[in-house]
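As a plain string of letters, each chain reads:
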Amino acid sequence: MLVPAFAIILLFQLIGEVISRALHLPLPGPVLGMVGMVVALSAIPRLAQIVTPVAQGLLRHLSLLFVPVGVGIVANVHTIAEHWVAISVSLVVSTLLAIVVGAFTFTYVAKLVGSKPND
Amino acid sequence: MTDAFQVWAYMAQQPLLWLCATLFAYWIGETLFLKSGRSPLVNSVVIAVALLAGLLMLTGTSYQTYFNGAQFVHFMLGPATVCLAIPLQANMLAIRKALVPIIVALFVGSLTAILSALGIAWMLGADHVLLATLAPKSATAPVAIGIAENLGGQATLTAVLVILTGLVGALFVTPMLNVLGITDWRARGFATGVAAHGIGTARAFQINDTAGVFASMGMGLNAILTAFLAPLIMQLF
């Protein structure tokens, strides 16, 4: 089922890419493809059987896919060295702050509207 | 000796060598990660990037040449993003039940990420180009690159900052939220996905399935929201 699964996944990415370009949307094709796939999976439950094994395989190694871009650090060493204080402080503080603020907000609002974790 | 050099000179320009090196570097990173008992301090991406960066510097290979080979791995980011639809759809019920906290936490988390990053960098003397490069750092790589280009930032540096953001999030999220006593896996996952995109999501899936699903949701939604918020917030600076 490898070929049908890949064909379907790439088709959704392609459709997303075409819509993104044609309508000049700020959203990239793969994100639109993901939205399309969610809709399609709800409409055609059988689709999940074809796509799921390949999707799980890809998602299990999601972090591998970030390696090529990460190696780009060698091409940007000078800019980073020049602004390393601003970059490192801003990255670390803002990322951790966003996680804490987001997690507290979610927990607080969930309690407020009575949305429990396991119901 | 000259033969060996000729073979090297040829292979170093071919995609095969660097594609192979990328997979092996990640394999080494993943093995060390598993050997460490899945410690967040032993990150397979950091190890792979460090090994490859060292190899490129040692051999005097340019990033361009490396990327010719590694682009086949990079390409899979697109299909992998589409595949995030599967865990999302499978957990639609849980997501619908948490719709209000999801929407509120999305806006608060996304605003916090962009505003604090720009505010801190601005206070520390970053110029306009660097701010535009930093603004979309919490969005997933392909989206962030597009946003940075629109704002007048440096796309390749944005990609690196996005990866570093994800690593910082993945590294600290578990001990930090444990200390703060946040136990709802939905909240933990969602906030991580919003702030630390795919790398944070990958980390969330390693710890808890619910956290992973909510992290994918946070990542996908913040990719959309950052595209709208980053240009608006940039006007303040």
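Everything numeric here is computed off the predicted structure, so don't read it as measured data.

## Some points on the overall build of chain A
Within chain A, the secondary structure is distributed over six helices and zero strands. Across chain A, helices and strands are ordered from the amino to the carboxyl terminus as α-α-α-α-α-α. The C-alpha atoms of chain A give 20 Å as radius of gyration, which overshoots the globular expectation for 119 residues (14 Å, by more than 25%). Its C-alpha atoms put chain A at 50 × 45 × 30 Å along the principal axes. Every one of the 119 residues in chain A was classed for burial, and the buried ones make up 41%. Here the contacts in chain A between residues at least 6 apart in sequence split such that 41% fall between residues at least 24 apart.

## Looking at the overall build of chain B
Helices and strands together make up the secondary structure of chain B, namely 13 helices and zero strands. Sequence-ordered secondary structure for chain B, helices as α and strands as β, is α-α-α-α-α-α-α-α-α-α-α-α-α. For 237 residues, the compact-globule formula gives about 18 Å, and the C-alpha radius of gyration of chain B, at 19 Å, lands near that figure. Here the C-alpha coordinates of chain B stretch approximately 65 × 40 × 30 Å along the principal axes. Across the 237 residues in chain B, those meeting the buried criterion constitute 54%. A fraction of 64% describes how many contacts in chain B between residues 6 or more apart in sequence connect residues 24 or more apart.

## Here's the deal with the nonpolar core
The nonpolar side chains of a soluble globular protein tend to be buried with one another. Among the nonpolar cores identified, the biggest contains 114 residues, and A:Val67, B:Cys83 and B:Phe190 are the most heavily contacted of them. Apart from the residues lying within four places of it in its own chain, the contact partners of B:Phe190 are A:Gly102, A:Phe106, B:Ile102, B:Ala105, B:Phe214, B:Ala215, B:Met217 and B:Gly218.

## Quick word on the environment of B:Arg186
Tracing the chain through its elements places B:Arg186 in helix 12 (residues 185–207). Counting along the chain gives 29 residues from B:Arg186 to B:Ala215, while the straight-line C-alpha distance between them is 8.0 Å. With near-sequence residues (within four places) excluded, B:Arg186 lies in contact with A:Phe106, A:Pro117, B:Ala98, B:Thr210 and B:Phe214.

## Notes on the confidence of the model for chain B
All names here are of chain B. Predicted confidence across chain B gives a mean pLDDT of 90, with 100% of residues reaching 70 or more. Looking over chain B, one finds the lowest element-wise mean pLDDT in helix 1 (residues 2–12), namely 80, and the highest in helix 8 (residues 99–123), namely 96. ipTM for the predicted complex: 0.88, alongside a pTM of 0.84.

## Topic: helix 13 (residues 209–234) of chain B
All names here are of chain B. In this model, helix 13 (26 residues) spans 35 Å end to end at C-alpha, consistent with the 38 Å of a helix rising 1.5 Å per residue. Along its length, helix 13 reaches its greatest deviation from straightness, about 35 degrees, at Thr-226. Burial within helix 13 is extensive, with 19 of its 26 residues counted as buried.

## Considerations on the packing of helix 12 of chain B against helix 13 of chain B
All names here are of chain B. Two numbers describe how helix 12 lies on helix 13: the axes approach to 6 Å, and their chain directions differ by 85 degrees. As judged from the angle between their axes, helix 12 and helix 13 are roughly perpendicular. Residues of the contact of helix 12 with helix 13, tallied by class, amount to 13 nonpolar, 12 polar and two charged.

## Some remarks on the packing of helix 6 (residues 84–113) of chain A against helix 12 of chain B
Their axes nearest at 8 Å, the elements helix 6 of chain A and helix 12 of chain B cross at an angle of 145 degrees. Here helix 6 of chain A and helix 12 of chain B pass one another in a crossing that is right-handed. Counting all contacts with helix 6 of chain A, which are made through A:Thr95, A:Ala98, A:Ile99, A:Gly102, A:Ala103, A:Phe106, A:Thr107 and A:Ala110, the residues of helix 12 of chain B involved are B:Arg186, B:Ala187, B:Arg188, B:Phe190, B:Ala191, B:Thr192, B:Val194, B:Ala195 and B:Ala196. Here the residues of the contact of helix 6 of chain A with helix 12 of chain B sort into 11 nonpolar, four polar and two charged.

Criteria and thresholds
- Residues numbered from 1 in each chain as written.
- Chains lettered and ligands numbered in written order.
- Predicted model: local features only at pLDDT ≥ 70, side-chain atom pairs only at ≥ 80, totals over all residues.
- Helix = DSSP H or I, 4+ residues; strand = E, 2+ residues; numbered from the N terminus.
- Rg over C-alpha atoms; globule rule 2.2 N^0.38 Å.
- Buried ≥ 20, exposed ≤ 12 C-beta atoms within 10 Å, placed from the backbone.
- Contact = placed C-beta atoms within 7 Å.
- Core = buried A, V, L, I, M, F, W, Y, C linked by C-beta atoms within 7 Å.
- pLDDT = per-residue confidence, 0-100.
- Expected span 1.5 Å × (residues − 1).
- Bend = angle between axes of the 7 residues up to and from the residue.
- Axes fitted to C-alpha atoms, helices over the stretch in contact; angles between N-to-C directions.
- Parallel < 35°, antiparallel > 145°, perpendicular 65-115°, else oblique.
- Nonpolar A, V, L, I, M, F, W, Y, C, P; charged D, E, K, R; others polar.
- Left-handed = near helix turned anticlockwise from the far one by under 90°.

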